[in-house]
Amino acid sequence: MDVDLVFEGGGAKGLAFVGALQAIERHGHRARRVVGTSAGSIVAILVAAGYSAAECKAAINERLPDGTSRFGSFLQTPRIDESMELSSSLRSWLRTELDNPLIPNVIEPVVDKMVDGLVQRDLTKHVISLLAWGGWYAGDALLAYLAEKLDAGGRGLGSSTLREFNARTGRDFTAVASDITDKTMLVLNHRTAPDCPTTWAVRMSMSCPLVWQEVVWKKEWGTYLGREISGHKVVDGGLSSNFPIALLVSDDDLVEETMGEESASEQVIGLLLDDALQVPGAESTHAADQKAPGFLEQSEVLAETMFRLGAMGETLLGGHDKYVIDEHRHLVCRLPAKGYGILEFDLTPERMAPIVNAGEAAMEAHLAAWTAALRG
């Protein structure tokens, strides 16, 4: 049958979705509406673009020539150069601070050299990015990845808007993001933000605070529900709803406005990453034992800080949507994810297999109970 799928945010733990999709596909179910938050929006857009479970697995498990994970490349050092406004501001600030009659004008070349030296250091780039744009990493590599995958196989969706994506695929895709300027949830689809680029909708949904740079809504992306939001800062949808199953089961007026008049459905499968469920065959890995990704490998102190922030983020995101989950528990498939970290992208095949297999087994059990309930 046609089913509506909801993918929770959870970073690298989303590999469990691959196994779940294998089970869904094996039973002949087809995705109709797909909704995702954060990393869940990546899997959601692949499914909406017509990727099979095997193709999703290949896309998520893609390796670079050096053998490292393609997803690991998303942890990208920001670009800070002298052509950027921030670099010019830093120069102006230093010159103002050093504007003293006792200091000769020849100090300006010294200031320029100092700034040039600072902006060439990776640590400086990361710190400036965190302070200025709210994220330790840039998101350019993620955007390039999304455009590539949406163009693959002759799909030609890499430069599509949400309106064009819907028209070409016939699927109803939604990504959830958070407008921190208006302090509201953004439900991004062809009804609410038709002119928003599809890749940017996913990029906004994935802008985990402190990890990736926030996104500023561009004027050319049009309005949101007819409202002008140009210049608004947008971050991870998990701050608003990390498991947005309410968008598919509620008949609330606001939900109908964003999801269509016939939003409520019982043919919904919610894919929830459950940190309380042990992954069979996988050893538990504490944050302190995880290998720090990217630049953080060079500093144990920074790595420990980022993992601590990541743990707090997981706690925050996990607290959302509990009421709706409890009300619709029969529609929720809990996928084991205990011991896996949200930034643990560079998994070995030996560590990846258990979480994929656990996701498949959990979905098989869920579908059996769900089908029996529908028949009974």
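Provided above is the structure to which this section pertains.
Conventions we followed
- Residues numbered from 1 in each chain as written.
- Predicted model: local features only at pLDDT ≥ 70, side-chain atom pairs only at ≥ 80, totals over all residues.
- Heavy atoms only, no water.
- Helix = DSSP H or I, 4+ residues; strand = E, 2+ residues; numbered from the N terminus.
- Buried < 20%, exposed > 50% of the residue type's maximum accessible area, 1.4 Å probe, protein only.
- Contact = heavy atoms within 4.5 Å.
- Areas by Shrake-Rupley, 256 points an atom, 1.4 Å probe, with all protein chains shown as cover.
- Polar contact = N/O pair within 3.5 Å; in protein donor to acceptor, adjacent residues only side chain to side chain.
- Salt bridge = Lys/Arg side-chain N within 4 Å of Asp/Glu carboxyl O.
- Phe/Tyr/Trp six-rings, centres within 6.5 Å; stacked < 30°, edge-to-face > 60°.
- Lys NZ or Arg CZ within 6 Å of the ring centre and 35° of its normal.
- Patch = residues over 30% accessible without salt bridge, like charges linked within 9 Å, V, L, I, M, F, W, Y side chains within 5 Å.
- Lys, Arg positive; Asp, Glu negative; His and termini not counted.
- Charge placed at Lys NZ, Arg CZ, Asp CG, Glu CD.
- Core = buried A, V, L, I, M, F, W, Y, C linked by side-chain atoms within 4.5 Å.
- Axes fitted to C-alpha atoms, helices over the stretch in contact; angles between N-to-C directions.
- Parallel < 35°, antiparallel > 145°, perpendicular 65-115°, else oblique.
- Left-handed = near helix turned anticlockwise from the far one by under 90°.
- Pairing = 2+ DSSP bridges.

Asks: Just to check I follow, could you spell out the overall build of the protein for this structure?
Replies: What the protein contains, in helices and strands, is 15 helices and ten strands. Looking at the protein as a whole, 50% of its 376 residues are labelled buried. Pairs at least 24 residues apart make up 76% of the contacts formed inside the protein by residues separated by at least 6 positions. With the model as given, the accessible surface of the protein reaches about 17,300 Å², and the carbon-plus-sulfur share is 54%.

Asks: Looking at this structure, how should I read the side chain of N189?
Replies: Of note, N189 is situated in the loop between strand 5 (184–188) and helix 9 (198–205). At a separation of 3.1 Å, a polar atom in the side chain of N189 contacts the main-chain amide nitrogen of T192.

Asks: Teacher, can you tell me more about the pattern of salt bridges here?
Replies: Where charged atoms from two side chains of opposite charge approach closely, those side chains can pair. For the structure on display, the rule yields 17 salt bridges. For the salt bridge of R227 with D182, the shortest nitrogen-to-oxygen distance reads 3.6 Å. In this pair, R227 is assigned in the loop between strand 7 (215–216) and strand 8 (233–236) and D182 in the loop between strand 4 (172–179) and strand 5, connecting sequence segments 45 residues apart. Residue class for R227 comes out partly exposed when judged on its relative accessible area of 33%. In this structure D182 comes out as partly exposed when scored by relative accessible area, which is 34%. Between E214 and K233 there is a salt bridge whose closest N-O contact spans 3.7 Å.

Asks: Would you mind going over the environment of C333 with me for this structure?
Replies: With respect to the helices and strands, C333 occurs in strand 10 (residues 332–338). Taking the relative accessible area as the measure of exposure, C333 reaches 1% and is therefore buried. Separated by 26 residues in sequence, C333 and G359 place their C-alpha atoms 9.2 Å apart. With near-sequence residues (within four places) excluded, C333 lies in contact with G270, L271, L272, A362, M363 and H366.

Asks: Can you walk me through the packing of aromatic side chains in this structure?
Replies: Geometrically, a pair of aromatic rings is defined through the distance of the ring centres and the angle of the planes. Going through the model one piece at a time under the given rule, you end up with five aromatic pairs. A centroid spacing of 5.2 Å and a plane angle of 40 degrees characterise the contact between W200 and W221, whose relative ring orientation is tilted. Within this pair, whereas W200 is found in helix 9, its partner W221 is found in the loop between strand 7 and strand 8, the two being separated by 21 residues in sequence. Aromatic side chains W217 and W221 sit 5.5 Å apart centroid to centroid with 80 degrees between the ring planes, which places their arrangement in the edge-to-face category. A residue is classified by how much of its surface remains accessible, and W217, at 2% relative accessible area, is buried. Exposure remark for W221: the relative accessible area of 3% places this residue in the buried category. An aromatic cluster is built from W200, W217 and W221, whose rings are joined through pairwise contacts. The ring of Y340 has R351 lying over it, and the distance from NZ or CZ to the ring centre is 4.0 Å.

Asks: Teacher, can you tell me more about a negative patch on the surface here?
Replies: Where like charges cluster on the molecular surface, the negative patch consists of D251, D252, D253 and E257. By the secondary structure assignment, E257 is in helix 12 (residues 253–259).

Asks: Looking at this model, I keep getting lost on the nonpolar core. Mind explaining?
Replies: Nonpolar side chains tend toward joint burial in soluble globular proteins. By size, the foremost hydrophobic cluster in this structure holds 98 residues, and its most contacted members are L5, F7, F173, L188, W212 and W217. The element that contributes the greatest number of residues to this core is helix 15 (residues 349–375), accounting for eight residues. Residues in contact with L188, not counting those within four places in the same chain, are L162, F173, T174, A175, A177, A193, A201, M204, W217 and Y224.

Asks: I tried to follow the packing of helix 1 (residues 16–26) against helix 15 on my own but got confused; where do I start?
Replies: For any two helices packed against each other, one specifies the crossing angle of their axes together with the interaxial distance. At their nearest, the axes of helix 1 and helix 15 sit 6 Å apart, and the two run at 40 degrees to each other. By the angle class used here, helix 1 and helix 15 are oblique. Helix 1 and helix 15 meet at a crossing whose hand is right-handed. Within the contact between the two elements, helix 1 uses A16, V18, G19, A20, Q22, A23, I24 and R26 and helix 15 uses I355, V356, G359, E360, M363, E364 and L367.

Asks: How should I be thinking about unusual backbone geometry in this particular structure?
Replies: Of all residues except glycine, most have a negative phi; of all peptide bonds, most are trans. The backbone of S38 sits at a positive phi, close to 55 degrees, despite the residue not being glycine. You can see S38 is positioned in the loop between strand 2 (30–37) and helix 2 (39–48). Positive phi is not limited to glycine here, since K183 has a value of about 60 degrees. Inspection of the secondary structure assignment puts K183 in the loop between strand 4 and strand 5. Using a relative accessible area of 73% as the deciding quantity, one classes K183 as exposed.

Asks: I keep staring at the environment of D140 and nothing clicks. Help me out?
Replies: Relative to the helices and strands, D140 resides in helix 7 (residues 140–151). Since its relative accessible area comes to 51%, D140 is described here as exposed. It is 8.9 Å that separates the C-alpha atoms of D140 and P78, two residues lying 62 residues apart in sequence.

Asks: Quick question: what am I supposed to make of the pairing of strand 10 here?
Replies: A regular strand places its side chains so that they alternate between the two faces of the sheet. Among the seven residues in strand 10, five count as buried, and that is most of the element. As paired elements, strand 9 (residues 268–278) and strand 10 share six bridges and run parallel to each other. Each bridged residue has a counterpart across the sheet, and for L272 the counterpart in strand 10 is R334.

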